[in-house]
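The residues making up each chain are set out below.
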Amino acid sequence: MALEQKTVSTFKQILKIEGISKSFVKDGKKVQVLEDVSFEAREGSFVSIIGPSGCGKTTLLRIIDGLVKPDSGKVLFNGKPVTSPPPKMGFVFQQFGLLPWRTVRKNVEFGLELRGVNPEEKKKIAEGYIKLVGLEGFENHYPHELSGGMQQRVGLARALAIDPDVLLMDEPFASLDMQTRELFQRELLKIVKGALPKTTLFVTHNIDEAIYLSDEIVLMTARPGKVYEIIKVDLPQERWKEDIRAHPEFIRLRQKIWKFLESQIIEKEMGENESGKA
């Protein structure tokens with residue numbers, strides 16, 4: 001399969017999250033994780049979700065993918081409610097999620113196997129995406145023979161191989177060192193904003209990462225997670241071509257987001273202290 005560059009509109013709504021709330025029971029007590037979360041993603045956009053630890057970011061991503069059912073609210077994907085994992089959503093996990101007994105190529109082929117793609121086409125597609133993520137020559141290696149960064153490339157290739165309309169990414173670079181992380185950020189943008197445009201929803205704790213990657217940033221409050229603000233990132237689209245981290249707008253956004261997160265962390269700690277005294 002030839003990996004031809006696609007052009008997409010940035011205006012068509014592809015994903016809509018409406019009033020999502022979710023609670024769990026822990027130690028016999030109800031814990032409200034998410035409360036009335038609403039936002040949307042347009043086709044071809046890159047949206048990051050950032051908030052204090054425990055605010056429900058990963059739970060929200062799993063609800064969007066249909067892996068977890070919300071208590072209330074709904075997710076619309078191309079106008080249809082999500083009730084189970086949609087075939088046209090790809091998921092890249094923080095811990096890679098590779099099958100250790102399968103080679104790189106066999107891992108990338110996994111989703112295609114589930115869709116019944118014939119062996120010849122499956123191999124051709126997988127090898128195309130392995131080349132796209134820079135792992136050509138490693139097709140027959142096993143996960144334990146690869147570095148963490150290389151394993152994450154395999155996870156990305158596997159998610160892309162099914163040609164998803166939406167790519168969900170749950171802190172995929174969290175376990176990488178800073179230099180490798182920044183390299184991956186640039187390479188990811190070159191793929192999802194350049195070679196193979198994809199609507200991307202990205203969970204992160206890293207402020208700089210969110211600003212560098214995103215068209216929009218969804219700021220979430222401490223638990224229960226609510227949408228505090230949706231920030232438009234007014235920076236050049238082809239960010240991999242220049243150093244934008246010294247851009248005045250980048251610095252302004254970093255200060256704005258950090259000030260909000262700092263206030264949320266302090267508020268959360270004070271609430272926990274008061275709860276402990278009760």
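Residues numbered from 1 in each chain as written. Predicted model: local features only at pLDDT ≥ 70, side-chain atom pairs only at ≥ 80, totals over all residues. Heavy atoms only, no water.

### Observations concerning helix α5 (residues 178-195)
Because each turn of an α-helix spans 3.6 residues, side chains separated by three or four positions end up pointing in the same direction.
Link 1 in the chain: With 18 residues, α5 ought to run about 26 Å at 1.5 Å a step, and its terminal C-alpha atoms sit 24 Å apart, in line with that.
Link 2 in the chain: Those residues of α5 lying buried are R181, F184, Q185, L188, L189, I191, V192 and G194.
Link 3 in the chain: Lining the buried residues of α5 we find β3 (46-50), α3 (119-132), α4 (148-161), β7 (166-170), β8 (199-203) and α6 (207-213).
Link 4 in the chain: Between the side-chain oxygen of the N-cap and the backbone nitrogen of Q179 there are 3.2 Å, and the N-cap of α5 in question is D177. (Helix = DSSP H or I, 4+ residues; strand = E, 2+ residues; numbered from the N terminus. Expected span 1.5 Å × (residues − 1). Buried < 20%, exposed > 50% of the residue type's maximum accessible area, 1.4 Å probe, protein only. Contact = heavy atoms within 4.5 Å. Polar contact = N/O pair within 3.5 Å; in protein donor to acceptor, adjacent residues only side chain to side chain.)

### Considering the pattern of salt bridges
A side chain of one charge can pair with a side chain of the opposite charge when the charged atoms of the two come close.
Link 1 in the chain: Considering all chains together, one arrives at 19 salt bridges under this definition.
Link 2 in the chain: Salt-bridge contacts for R254 lead to D208; the nearest nitrogen and oxygen are separated by 2.8 Å. Of this pair, R254 sits in helix α7 (residues 248-277) while D208 sits in helix α6, and the two are 46 residues apart along the sequence.
Link 3 in the chain: Judged by its relative accessible area of 28%, R254 is partly exposed. (Salt bridge = Lys/Arg side-chain N within 4 Å of Asp/Glu carboxyl O.)

### Remarks on unusual backbone geometry
Link 1 in the chain: In this chain, R223 is followed by P224 through a cis amide linkage whose omega measures 0°.
Link 2 in the chain: Of note, P224 is situated in the loop between β9 (216-220) and β10 (227-232).

### Looking at the packing of helix α2 (residues 104-114) against α3
Link 1 in the chain: As a packed pair, α2 and α3 sit with axes 9 Å apart at the nearest point and diverge in direction by 120°. Taken together, the axes of α2 and α3 lie oblique to each other. In the packing of α2 onto α3, the handedness of the crossing is right-handed. Counting all contacts with α2, which are made through V104, R105, V108, E109, L112 and E113, the residues of α3 involved are K122, K123, I125, A126, E127 and I130. (Axes fitted to C-alpha atoms, helices over the stretch in contact; angles between N-to-C directions. Parallel < 35°, antiparallel > 145°, perpendicular 65-115°, else oblique. Left-handed = near helix turned anticlockwise from the far one by under 90°.)

### Examining the sheet that holds strand β5 (residues 80-81)
Link 1 in the chain: Across the sheet, which stays open at both edges, the 4 strands sit in the order β2-β1-β4-β5 with antiparallel pairing between neighbours. The open sheet has two edge strands with one neighbour each: β2 (29-42) and β5.
Link 2 in the chain: With 5 bridges joining them, strand β1 (residues 13-26) and strand β4 (residues 72-77) adopt antiparallel strand pairing. Bridging from a neighbouring strand, K16 pairs with L76 of β4.
Link 3 in the chain: Running at roughly 125° to β1, helix α1 (residues 57-64) makes contact with β1, β2 and β4 of the sheet. (Pairing = 2+ DSSP bridges.)

### Things to note about the UniProt feature "domain: ABC transporter" (unreviewed entry) in the chain
Link 1 in the chain: In the numbering used here, UniProt assigns the "domain: ABC transporter" (unreviewed entry) feature to residues 15-249.
Link 2 in the chain: Within residues 15-249, the helical portion is 31% and the strand portion 27%, while the C-alpha atoms at the span's ends are 27 Å from each other. (UniProt positions renumbered as here; feature names shortened; annotations may be inferred.)

### Some points on the nonpolar core
Link 1 in the chain: Membership of the largest hydrophobic core comes to 50 residues, with the highest contact counts inside it found for L156, L167, L188, I211, I217 and I257.
Link 2 in the chain: The element best represented in this core is α4, accounting for 7 residues.
Link 3 in the chain: Those residues within four positions of I211 in sequence are excluded, and the remaining contacts are I217, V233, L235, R239, F250, L253, R254 and I257.
Link 4 in the chain: Grouped together as the second largest cluster of nonpolar side chains are 27 residues, I14, L15, I49 and M220 included. (Core = buried A, V, L, I, M, F, W, Y, C linked by side-chain atoms within 4.5 Å.)

### Quick word on the packing of aromatic side chains
Link 1 in the chain: Taken as a whole, this structure holds 5 aromatic pairs when the rule is applied.
Link 2 in the chain: Look at F46 and F202: their rings are 5.6 Å apart centre to centre, the planes differ by 45°, and that puts the pair in the tilted class. Of this pair, F46 sits in strand β3 while F202 sits in strand β8, and the two are 156 residues apart along the sequence.
Link 3 in the chain: Between F91 and F93, the ring centres sit 4.5 Å apart and the planes meet at 10°, which makes this aromatic pair stacked.
Link 4 in the chain: We classify F93 as partly exposed; its relative accessible area is 28%.
Link 5 in the chain: These aromatic residues form a ring-pair network of at least three members: F46, F173, F184 and F202.
Link 6 in the chain: R245 extends its terminal NZ or CZ atom over the ring of Y212, reaching a point 4.3 Å from the ring centre. (Phe/Tyr/Trp six-rings, centres within 6.5 Å; stacked < 30°, edge-to-face > 60°. Lys NZ or Arg CZ within 6 Å of the ring centre and 35° of its normal.)

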